[in-house]
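Letter by letter, the chains look like this.
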Number of protein chains: 2
Amino acid sequence: MRTRPLKVALLGCGVVGSEVARIMTTHAGDLAARIGAPVELAGVAVRRPSKVREGIDPALITTDATALVKRGDIDVVVEVIGGIEPARTLITTAFEHGASVVSANKALLAEDGATLYAAAERHGRDLYFEAAVAGAIPLIRPLRESLAGDKVNRVLGIVNGTTNFILDRMDTAGAGYSEALDEATALGYAEADPTADVEGFDAAAKAAILAGIAFHTRVGLDDVHREGITEVTSADLASAKRMGCTVKLLAICERAADGRSVTARVHPAMIPLSHPLASVREAYNAVFVEAEAAGQLMFYGPGAGGSPTASAVLGDLVAVCRNKLNEATGPGESAYTQLPVSPMGEVVTRYHISLDVADKPGVLAQVATVFAEHGVSIDTVRQKGRQDGNGEAALVVVTHRAPDAALSGTVEALRKLDTVRGVASIMRVEGE
Amino acid sequence: MRTRPLKVALLGCGVVGSEVARIMTTHAGDLAARIGAPVELAGVAVRRPSKVREGIDPALITTDATALVKRGDIDVVVEVIGGIEPARTLITTAFEHGASVVSANKALLAEDGATLYAAAERHGRDLYFEAAVAGAIPLIRPLRESLAGDKVNRVLGIVNGTTNFILDRMDTAGAGYSEALDEATALGYAEADPTADVEGFDAAAKAAILAGIAFHTRVGLDDVHREGITEVTSADLASAKRMGCTVKLLAICERAADGRSVTARVHPAMIPLSHPLASVREAYNAVFVEAEAAGQLMFYGPGAGGSPTASAVLGDLVAVCRNKLNEATGPGESAYTQLPVSPMGEVVTRYHISLDVADKPGVLAQVATVFAEHGVSIDTVRQKGRQDGNGEAALVVVTHRAPDAALSGTVEALRKLDTVRGVASIMRVEGE
């Protein structure tokens, strides 16, 4: 074994960073044996240097992250500060100064992965980011490496723990959205400003990363259709239950049937209770991958949290250090297929639509005509008069598979019907 | 991209080998793009050269596998013939002649992995074998690489599809063992001689491989406690159901609580219906991995079959080819912990025991005394008189956790009691 240690610079020392530093210390012997050389924490860049950080030599702490990555003796930079800047500049600067990079930064990778990959390649360095998607669940490595000889056709999963916790509470405790959000916040599953999670931004970033890797093409954040869970109601969950379904926020990346384009989207959807994703509870994550030869694979585990994320970071750290000793690099960007990303309108899916309609004869015929005019075939209709006797009835329509554009065109036309008082909810149905 | 192709020799052209050859042809462009150089099938060693092999140039077919691996221009040897010899000699010869090896041979890796690893290392070549355990499910790579910065404490899973199919049929259709085995054979899930599967040899080989990688120590086939499913009865399944459980053949690799030893075992066990492994149906495989930082991860998918296994082989082929171009090697054997493997007697587990006892007062007290004398604490007892009024009763005892030696000592002593007419079944209870 080499005795001269590999030097690691840690950018950020919050929940994940402090756990990375702790494991690097407590498991130093194991890491050295697995890498073939010891690793040494050479510097830790933080914003608040005065904060007490147990187990970290105060002499390593600096507020000057730029100077740290420019030192020239750093072998690997671990970036766990998040956000676009200064993370992007620090990472590209790290490559320029000879370091490889392990990052957990999904926002940056989704926003501008191409710049990072290009900088890594230009300087012959590694960019690894298992921790950016689904915490400790090995997903990036299986997609990049295990399935490198296969053709992935679909990735479908729960990749945001906060929203899964909220929907799970709404389902099992019958809670309303804001009540469930309050509980998630109280338990630390949701941040003070939950926008990134509940509006689907976090899941969309992960969908962009997964789609890019799965289909060997570039998928940007703008290519991902995004809907959050803020509009999901207790009534939607109840409707789902009546159909033998539950509601999950899904990230779905698909290759079109003709193989010439791909799509990526994040939205709440009903899935059958018999689907394995339906039983993913609380803040857990799970991802299905469908590949031509492998068939259907599922990966399940904790999708966030300091320790799980640190596990993913350290796995990458070991790989990157081994590559460094081998004077080799792991897989870089693979975007050779250059498949275009189709808009949401071209996605083929199913709708579950709840309508408030006038309680009089002929309404169903009118509604059915609108569906037919848009080429959307109806699977089931459930019609019932309201209890309050105000002359309104509820109509629940579940469609067969159709292009999303035809479905949303149908809904638009339904809204214009005099006999349709309102569209109570629209939800896609997946996983069948 | 390099234009000179990497040359691949295929040893074996059965269900898996022919699928590997097919995908290498149909997906040649994708493989080249992902590797950075084209790959070329340079020779195929078979036993029956006269068999028509669609899509394979007859000029590539040879019966002389040794000459093929000795050619000197082969970059990667793909070994899918199985068994110990000639596979072992062919693989070591391949390394001697400069090739890296991708193998799906669980029996050989479990029996003599150390020899293969040593030969690979001596010649600076790669030995990859994702396909040896759980087909297409990425498991070796996540354990070797994704979790390389973590500490794995437990691997628990269903790693044999044939036995899972049989137990699933016994559970859902109420079939007896031999009836379910017949169905498995008819559907192609069981081989004509099902011994390797139903006696647990196949699962034990996988357990040895998984334990070795998970704990960074050498675990041989002899270190694995092995029990098959041939003794499992419909009554066991019914008993399990009454307890809210089902029966699965589990491979379990554990680090002892004090961290100083490990165990590996394969046996049927009752697991609660609420455990995710309980819902793994038909011939599917699923493996739980518990690691210190990552927490509990699950990997699920098809555990066998030509296409899924070929997917795993090709993923390894891409990795090995990339390493070759990089003039680097991937992870080799990691056995630095040298942890001893403890015998089954030291495993801490729970027993579910069905006894046929004399239907008279004082029997339960006698039985309970035997448990107490062996230091085994009883969790629940269910006692009932038989319908046939022959003076016998049934006693079902579920214990708390205790060393397996204490549990089997208890059973031995119970057998000697006059009032115990027979031990109808003993099964371990796991996953709680």
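Residues numbered from 1 in each chain as written. Chains lettered and ligands numbered in written order. Predicted model: local features only at pLDDT ≥ 70, side-chain atom pairs only at ≥ 80, totals over all residues. Heavy atoms only, no water.

Concerning the sheet that holds strand β2 (residues 39–45) of chain A
Strand pairing in a sheet is mediated by backbone hydrogen bonds. Such pairs are either parallel or antiparallel.
All names here are of chain A.
Okay, step 1: Taken in spatial order, the six strands of this open sheet run β3-β2-β1-β4-β5-β6, and their pairing is parallel. Each edge of the open sheet is held by one strand with a lone partner, namely β3 (61–62) and β6 (127–128).
Okay, step 2: In this sheet, β2 lies alongside strand β1 (residues 6–11) in parallel orientation, the contact comprising six bridges. Within the sheet, the bridge partner assigned to V8 lies in β2 and is L41.
Okay, step 3: Against the sheet, helix α12 (residues 306–326) makes contact with β1, β2, β4 (76–79), β5 (100–103) and β6, and its axis sits at roughly 170 degrees relative to β5, the strand it touches most. (Pairing = 2+ DSSP bridges. Helix = DSSP H or I, 4+ residues; strand = E, 2+ residues; numbered from the N terminus. Contact = heavy atoms within 4.5 Å. Axes fitted to C-alpha atoms, helices over the stretch in contact; angles between N-to-C directions.)

Describing the relation of the copies chain B and chain A
Okay, step 1: Under the fitted operation, chain B is carried onto chain A by 0.0 Å of movement along the axis and a turn of 180 degrees, and the coordinates agree to an RMSD of 0.1 Å. Taken together, the rotation angle and the small translation identify this as a two-fold axis. Ranked by how close their C-alpha atoms come to the rotation axis, the residues of chain B are headed by F299 of chain B, at 2.4 Å.
Okay, step 2: Comparing interface residues between copies, 100% of those in chain B also lie at the interface in chain A; the contact surface is shared. (Least-squares fit on C-alpha atoms with pLDDT ≥ 70 in both.)

As for the environment of D193 of chain B
Residue and element names in this part refer to chain B.
Okay, step 1: Relative to the assigned elements, D193 resides in the loop between α8 (177–186) and α9 (195–198).
Okay, step 2: The class for D193 is exposed, based on a relative accessible area of 53%.
Okay, step 3: Placed 115 residues apart in sequence, D193 and V78 show a C-alpha to C-alpha distance of 26 Å. (Buried < 20%, exposed > 50% of the residue type's maximum accessible area, 1.4 Å probe, protein only.)

Quick look at the pairing of strand β7 (residues 152–158) of chain B
All names here are of chain B.
Okay, step 1: Summarising burial for β7: six of the seven residues are buried, a large majority.
Okay, step 2: With six bridges joining them, β7 and strand β11 (residues 284–291) adopt antiparallel strand pairing. Each residue of the ladder has a partner; that of G157, found in β11, is V287.
Okay, step 3: The pairing of β7 with strand β9 (residues 245–255) spans four bridges and is antiparallel.

Some words on the UniProt feature "binding site: NADP(+)" (unreviewed entry) in chain A
Residues and elements named next belong to chain A.
Okay, step 1: Per the UniProt record, "binding site: NADP(+)" (unreviewed entry) is found at L11, G12, C13, G14, V15, V16, G17 and S18.
Okay, step 2: If near-sequence neighbours (up to four positions away) are discounted, C13 is found in contact with S18, V44, A45, V46, R53 and I56.
Okay, step 3: Tracing the sequence through the fold places G14 in the loop between β1 and α1 (15–26). (UniProt positions renumbered as here; feature names shortened; annotations may be inferred.)

Comments concerning the packing of aromatic side chains
All names here are of chain A.
Okay, step 1: Tallied over the entire structure, the rule returns seven aromatic pairs over all chains.
Okay, step 2: Ring geometry for Y284 versus Y300: centroids 5.2 Å apart, planes at 0 degrees, classification stacked. Of the two residues, Y284 is situated in strand β11 (residues 284–291) and Y300 in strand β12 (residues 295–302); the sequence distance between them amounts to 16 residues.
Okay, step 3: According to the relative accessible area criterion, Y284 is partly exposed, its value standing at 29%. (Phe/Tyr/Trp six-rings, centres within 6.5 Å; stacked < 30°, edge-to-face > 60°.)

Comments concerning the UniProt feature "binding site: NADPH" (unreviewed entry) in chain A
Residues and elements named next belong to chain A.
Okay, step 1: According to UniProt, the feature "binding site: NADPH" (unreviewed entry) maps to K106 in the numbering used here.
Okay, step 2: Exposure remark for K106: the relative accessible area of 26% places this residue in the partly exposed category.
Okay, step 3: Aside from chain neighbours lying at most four places away, what touches K106 is A132, D202, A205, K206 and I209.

Quick look at the domain arrangement of chain A
All names here are of chain A.
Okay, step 1: Splitting chain A by domain gives domain 1 (6–135 + 306–326), domain 2 (140–302) and domain 3 (348–429).
Okay, step 2: Taking only C-alpha atoms, the centre of domain 1 and the centre of domain 2 are 28 Å apart.
Okay, step 3: Contacts between the two partners involve 19 residues from domain 1, matched on the other side by 17 residues from domain 2.
Okay, step 4: Carbon and sulfur atoms make up 62% of the area that domain 1 and domain 2 hide from each other, which totals about 1400 Å².
Okay, step 5: When the area that domain 1 buries against domain 2 is broken down by residue, the three leading residues are A110, E130 and V133, summing to 36%.
Okay, step 6: The interface formed by domain 1 and domain 2 contains three salt bridges. (Domains from an automatic or database assignment. Buried area = accessible area lost by both parts, 1.4 Å probe. Salt bridge = Lys/Arg side-chain N within 4 Å of Asp/Glu carboxyl O.)

Details of the pairing of β11 of chain B
Along a regular strand, successive side chains alternate from one face of the sheet to the other.
Residues and elements named next belong to chain B.
Okay, step 1: Summarising burial for β11: six of the eight residues are buried, a large majority.
Okay, step 2: With eight bridges connecting them, β11 and strand β12 (residues 295–302) associate as antiparallel partners. Looking at β12, one finds that F288 is bridged to M298.
Okay, step 3: A loop of three residues connects β11 with β12, the two strands running antiparallel in sequence.

Considerations on the environment of V313 of chain A
All names here are of chain A.
Okay, step 1: Within the fold, V313 resides in helix α12.
Okay, step 2: V313 sits 111 residues away from D202 along the chain, and the two C-alpha atoms are 19 Å apart.
Okay, step 3: In contact with V313, not counting residues within four places along its chain, are V16, V20, V78, V80, V102, A104 and A131.

A short note on the pattern of salt bridges
Okay, step 1: With the rule as written, the count across this model stands at 48 salt bridges over all chains.
Okay, step 2: As a salt-bridge pair, R141 of chain B and D316 of chain B come within 3.2 Å of each other at their nearest N and O atoms. You can see R141 of chain B sitting in helix α6 (residues 140–146) and its partner D316 of chain B sitting in helix α12 (residues 306–326), a full 175 residues away along the chain. Summarising the burial analysis for this pair, R141 of chain B and D316 of chain B share the class buried.
Okay, step 3: Salt bridges sharing common partners tie together E130, R141, E145 and D316 of chain A together with E130, R141, E145 and D316 of chain B.

Structural notes on the interface of chain B and chain A
Okay, step 1: Facing 44 residues of chain B, the contacting portion of chain A comprises 44 residues.
Okay, step 2: Counting each side, the surface lost to burial between chain B and chain A is near 3800 Å², with a carbon and sulfur contribution of 54%.
Okay, step 3: Here chain B is connected to chain A by two salt bridges.
Okay, step 4: For R141 of chain A, the salt bridge identified is with E145 of chain B, shortest N-O distance 3.6 Å.
Okay, step 5: Between chain B and chain A we count 20 residue pairs in polar contact (both at pLDDT 80 or more) in total.
Okay, step 6: Where the side of chain B that touches chain A is concerned, the elements lending two or more residues are α2 (28–35), α6, β12 and α12 of chain B.
Okay, step 7: With eight residues, α12 of chain B is the largest single contributor of residues to the side of chain B that touches chain A.
Okay, step 8: By residue class, the composition of the side of chain B that touches chain A is 23 nonpolar, eleven polar and ten charged.
Okay, step 9: Sheet topology note: the β12 of chain A/β12 of chain B ladder contains three bridges and is antiparallel. Considered in β12 of chain B, the bridge of F299 of chain A is made with F299 of chain B. (Polar contact = N/O pair within 3.5 Å; in protein donor to acceptor, adjacent residues only side chain to side chain. Nonpolar A, V, L, I, M, F, W, Y, C, P; charged D, E, K, R; others polar.)

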